[in-house]
Amino acid sequence: MHRRALLRSALGATLAATLIAAPSTDPSQLGGRPLDVEALLFDPETPVGGNPKGDVTIVAFFDYNCGYCRRSMPALERLVREDGGIRLVYKDWPVLAQSSVTAAQFALAAKYQGKYQAAHKALMSITGPVSVERLEAALKATDIDRKRLGTDLKTHIGDIGALLRRNNEQAEALQLPGTPVFLVGPYKVAAALDYDGFREVVEDARNRAAGK
């Protein structure tokens, strides 16, 4: 089967119907919780990469203990760099282990010194289960000020926890099956894609937006 056909079979339901649903939509149709679309796409506390004015938005839900996330995120970030027209929204969704929560907290704390993406890349490079030792070693290899990181984590732990709860509520409203999940324009992709897979679904999203 052609790659695009495989991709379309993986997409399943589109996000479009959810995004245009009226506010009065029965919450039971959204996993028991209403979906705050503004927070999903434009939460000011959520790290964003790529082109902030891009014509395609990708929302990535991931966990630092997820092997599929580790394999797919470098391909996605390569496409974001090369394409130039993609806005990438990072949704830390630590669901696999307590160490996933710790890793997400440190990554989000790095945002306060403008180093979220450096922390994200380092933590995604960890081999095997995340542990305190592996987490510390990964961050040590970056230019992140780790003393400030600890201070920012302590100072902003309430805000970070609130953001992680919002991310989880959005995932539940979208009935996400686990990590990774990528919302690419109107499409929901619950699968680990390679570079060509991401490129094709972005093309599909653009074509759909253009009415093709």
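Residues numbered from 1 in each chain as written. Predicted model: local features only at pLDDT ≥ 70, side-chain atom pairs only at ≥ 80, totals over all residues. Heavy atoms only, no water.

Participant: In this structure, what is going on with the pattern of salt bridges? I would like to understand it.
Facilitator: Between side chains of opposite charge, a pair can form as their charged atoms come close. Throughout the structure, instances matching the rule amount to 8 salt bridges. A salt bridge links Asp43 to Arg166, with the nearest nitrogen and oxygen atoms 2.6 Å apart. Of this pair, Asp43 sits in the loop between helix H3 (37-42) and strand S1 (48-50) while Arg166 is found in helix H8 (residues 146-173), placing the two residues 123 residues apart along the sequence. We note a salt bridge from Asp196 to Arg199, for which the minimum N-O separation is 3.5 Å. Here the residue Asp196 and the residue Arg199 both occupy positions in helix H9 (residues 195-209), the gap between them amounting to 3 residues, near one helical turn. Since its relative accessible area comes to 29%, Asp196 is described here as partly exposed. (Salt bridge = Lys/Arg side-chain N within 4 Å of Asp/Glu carboxyl O. Helix = DSSP H or I, 4+ residues; strand = E, 2+ residues; numbered from the N terminus. Buried < 20%, exposed > 50% of the residue type's maximum accessible area, 1.4 Å probe, protein only.)

Participant: Which parts of the structure should I look at to understand the side chain of Asn65?
Facilitator: For Asn65, the position within the fold is in the loop between strand S2 (56-62) and helix H4 (67-83). Look at Asn65 and you get buried, because its relative accessible area is 16%. Side chain to side chain, Asn65 and Ser100 meet in a polar contact 2.7 Å long. Setting aside chain neighbours within four positions, we find Asn65 in contact with Arg70, Leu96, Ala97, Ser99, Ser100, Pro129 and Val130. (Polar contact = N/O pair within 3.5 Å; in protein donor to acceptor, adjacent residues only side chain to side chain. Contact = heavy atoms within 4.5 Å.)

Participant: Help me understand the nonpolar core in this model?
Facilitator: Most often, soluble globular proteins have nonpolar side chains that are buried together. Of all hydrophobic cores here, the largest spans 47 residues; its most connected members are Ile58, Phe62, Tyr64, Leu76, Leu123, Phe182 and Val184. Counting residues in each nonpolar core, the second largest holds 12 residues, with Leu35, Leu40, Ala173 and Leu183 among its members. (Core = buried A, V, L, I, M, F, W, Y, C linked by side-chain atoms within 4.5 Å.)

Participant: What exactly am I supposed to notice about the packing of aromatic side chains here?
Facilitator: One pair of aromatic rings is described through two measures. These are the centre distance and the angle between the planes. On inspection of all chains with the given rule, the structure shows 5 aromatic pairs. Geometrically, the ring pair formed by Phe61 and Trp93 is edge-to-face, given 6.0 Å between the ring centres and 85° between the ring planes. With Phe61 in strand S2 and Trp93 in the loop between strand S3 (86-92) and helix H5 (98-110), this residue pair connects regions lying 32 residues apart in the sequence. Here Phe61 matches Trp93 in class, with each residue buried. For the pair Tyr90 and Tyr116, a centre-to-centre distance of 5.3 Å together with 65° between the ring planes defines the contact as edge-to-face. (Phe/Tyr/Trp six-rings, centres within 6.5 Å; stacked < 30°, edge-to-face > 60°.)

Participant: Can you walk me through the sheet that holds S3 in this structure?
Facilitator: The strands making up a sheet associate through backbone hydrogen bonding, with each pair oriented either parallel or antiparallel. As summarised here, the arrangement of the 5 strands in space is S1-S3-S2-S4-S5, forming an open sheet in which the pairing is mixed. Both outer strands of the open sheet, S1 and strand S5 (187-189), are each paired with one neighbouring strand and no more. Between one strand and the next, the sheet's axes are offset by a mean angle of 20°, whatever the strand orientation. Here 7 bridges tie S2 to S3, and the two strands are oriented parallel to one another. Looking at the pairing, Phe61 lines up with Lys91 of S3. Contacts between H4 and the sheet are confined to S1, S2, S3 and strand S4 (181-184), with S3 contributing the most and set at about 155° to the helix. Its contacts with the sheet place H8 against S2 and S3, and it is angled at close to 105° to S3. (Pairing = 2+ DSSP bridges. Axes fitted to C-alpha atoms, helices over the stretch in contact; angles between N-to-C directions.)

Participant: Before we go on, may I ask you to explain the side chain of Arg87 in this structure?
Facilitator: Note that Arg87 resides in strand S3. Nearest to the buried, unbridged Arg87 among oppositely charged side chains is Glu38, at 8.2 Å. In this view, Arg87 contacts Leu41, Phe42, Val48, Gly49, Asn51, Pro52, Gly54, Val56, Thr57 and Ile58; residues no more than four positions away in its chain are not counted. (Lys, Arg positive; Asp, Glu negative; His and termini not counted.)

Participant: Where do I start with unusual backbone geometry in this structure?
Facilitator: Outside of glycine, negative phi angles account for most residues, and trans bonds account for most peptide bonds. In this structure, the amide linkage connecting Thr179 to the following residue, Pro180, adopts the cis form with an omega of -5°. Structurally, the position occupied by Pro180 is in the loop between H8 and S4. The backbone of Gln175 sits at a positive phi, close to 55°, despite the residue not being glycine.

Participant: Whenever I open this one, the confidence of the model for the protein confuses me. Can you help?
Facilitator: Caution applies to low-pLDDT parts of the model: their predicted coordinates are not meant to be read in detail. Taken over all residues, the pLDDT of the protein has a mean of 87, while the share at 70 or more is 84%. Here helix H1 (residues 3-11) stands out as the element of the protein with the lowest mean pLDDT, 44, in contrast to S3, whose mean of 98 is the highest. Below pLDDT 50 for its whole length, residues 1-14 participates in 24 contacts with residues either more than four positions away or in separate chains. Considering only residues more than four positions removed or in separate chains, one finds that residues 17-31, a stretch of pLDDT under 50, has 17 contacts. (pLDDT = per-residue confidence, 0-100.)

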